[in-house]
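# Structure assessment
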Amino acid sequence: MVEAGWGLQPFDGPAKPFKFIRSEDKIFPTHRCLVPASEFQIKNGDRRFRVSLEDGNFFYLAGVWRPANPDWPLSFAVVTVPANPEVFFYQERQGAVLLRRQRMAWLDLTVPQEELLQPLPARSFAIEEIAPREPQLRQTELAL
């Protein structure tokens, strides 16, 4: 396991790094990685939601990485797929979730990537709203 920055360097100049890469029409023959997770978050308007597996297990997000170069550190991006039915209610795409039993198939290419990079079936996720952050109260005076 290594620590890497989230966001790959754009190929064409000083644009923003990209944190996600679509799986459609792409082949990832090398530089695959796993991003361990117990949840991911989605935002819909001003509301935020926590998405976890229904059974409570942790999982991995399929990723790709690039080595460091003089202008950019070792970094990765998450591969995306169309959202599964629960997530689609909030957004059209999501990170490609790999179950624990699929992790080595992603890394060692023993299963075609088209089979792995699929949305999970309906009722795979538990989604709960994250309460908005309470504004922090500041103490402006100190009474002795």
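Residues numbered from 1 in each chain as written. Predicted model: local features only at pLDDT ≥ 70, side-chain atom pairs only at ≥ 80, totals over all residues. Heavy atoms only, no water.

### A short note on the pairing of strand E7 (residues 75-82)
Going by this rule: Accessibility here uses a 1.4 Å probe with only protein chains present; expressed as a share of the type maximum, an area under 20% marks a residue as buried, one over 50% as exposed, and anything in between as partly exposed. Here a strand is any run of E in DSSP of at least two residues, a helix any run of H or I of at least four, and the numbering for each starts at the N terminus. By the convention used here, strands pair only if DSSP detects at least 2 bridges between them.
Burial analysis of E7 places 7 of its 8 residues in the buried class, the great majority of the element. Two elements, strand E1 (residues 5-6) and E7, share 2 bridges in a ladder whose sense is parallel. Its bridge partner being in E7, Gly-5 is matched across the sheet by Ser-75. In this structure, strand E2 (residues 20-22) lies alongside E7, joined through 3 bridges in parallel fashion.

### Comments concerning the packing of aromatic side chains
Here is the rule we go by: Note on aromatic pairs: the rings of Phe, Tyr and Trp (six-membered ring only in Trp) are paired at centre separations within 6.5 Å, and the planes decide the class, stacked below 30 degrees, edge-to-face beyond 60, tilted for the rest.
Under the definition given, this model contains 8 aromatic pairs. For the pair Trp-6 and Phe-20, a centre-to-centre distance of 5.5 Å together with 80° between the ring planes defines the contact as edge-to-face. Of this pair, Trp-6 sits in strand E1 while Phe-20 sits in strand E2, placing them 14 residues apart in sequence. Measuring from centroid to centroid gives 6.3 Å for Trp-6 and Phe-76, while their planes differ by 5°, and the two rings are stacked.

### Digging into the nonpolar core
Condition: The definition of a nonpolar core used throughout is a set of buried Ala, Val, Leu, Ile, Met, Phe, Trp, Tyr and Cys residues joined through side-chain atoms within 4.5 Å. Contacts between residues were defined by any pair of non-hydrogen atoms, one from each residue, lying within 4.5 Å.
Ranked by size, the top nonpolar core spans 18 residues in total, and within it Phe-40, Phe-59, Val-87, Val-97 and Phe-125 carry the most contacts. Residue assignment for this core shows that the elements contributing at least two residues are strand E3 (32-37), strand E4 (40-44), strand E5 (47-53), strand E6 (59-66) and E7. Excluding residues that lie within four positions of it along the chain, Val-97 makes contacts with Phe-40, Phe-59, Tyr-60, Leu-61, Gln-102, Leu-120 and Phe-125. In this structure, Leu-8, Val-81, Leu-98 and Leu-116 belong to the second largest nonpolar core, which totals 15 residues.

### Considerations on the confidence of the model for the chain
Let me state the cut-off plainly: Per-residue confidence from the predictor is reported as pLDDT, a score between 0 and 100.
On average, residues of the chain score 90 in pLDDT, and 91% of them reach the 70 mark or higher. Of all helices and strands in the chain, the one with the weakest mean pLDDT is E1 (90), whereas strand E9 (residues 97-98) scores best (98).

### With respect to the layout of surface pockets
The test is simple: Every definition here rests on a 1 Å grid over the protein atoms only: cavities are sets of points where a 1.4 Å probe fits but cannot get out, pockets are open sets enclosed by protein on both sides within 12 Å along at least five of seven lines, and lining residues have some atom within 4 Å of a point. Grid points are joined across faces, edges and corners, and a volume is the space filled by probe spheres set on the points. In this classification, Asp, Glu, Lys and Arg are treated as charged, Ala, Val, Leu, Ile, Met, Phe, Trp, Tyr, Cys and Pro as nonpolar, and every other residue, Gly included, as polar.
By volume, the largest pocket amounts to about 400 Å³. Elements with a contribution of two residues or more to the lining of the largest pocket: E3 and E6. Grouping the amino acids of the lining of the largest pocket by side-chain chemistry returns 12 nonpolar, no polar and 1 charged. Looking at the second largest pocket, its volume works out to about 310 Å³. Lining the second largest pocket are 17 residues, with Trp-6, Phe-20, Phe-40, Gln-41 and Leu-61 positioned closest to its centre. Partitioned by chemical class, the residues of the lining of the second largest pocket number 10 nonpolar, 5 polar and 2 charged.

### A few points about the sheet that holds E4
Test applied: Lines are fitted to the C-alpha atoms to define the axes, a helix being fitted only along its stretch in contact, and any angle between axes, read from their N-to-C directions, falls within 0 to 180 degrees.
One open sheet holds the 3 strands; their spatial order is E4-E5-E10, and the pairing between them is antiparallel. Of all strands in the sheet, those with a lone pairing partner are E4 and strand E10 (125-130), marking the two edges. Along the sheet, successive strands turn relative to each other by an average axial angle of 30°, direction set aside. Looking at chain direction, E4 and E5 are connected through 5 bridges and run antiparallel. Looking at E5, one finds that Asn-44 is bridged to Arg-47.

### Brief notes about the pattern of salt bridges
Convention followed: Here, a salt bridge means any Lys or Arg side-chain nitrogen found within 4 Å of an Asp or Glu carboxyl oxygen.
Evaluation of the coordinates by the stated rule reveals 4 salt bridges. Across the salt bridge formed by Glu-129 and Arg-47, the nearest N and O atoms sit 2.9 Å from each other. Separated by 82 residues along the polypeptide, Glu-129 in strand E10 and Arg-47 in strand E5 bring together distant segments of the chain. Under the relative-accessibility criterion, Glu-129 is labelled partly exposed at 39%. What makes Arg-47 partly exposed here is its relative accessible area of 45%. Residues Glu-128 and Arg-50 are paired through a salt bridge, measuring 3.7 Å at the closest nitrogen-oxygen approach.

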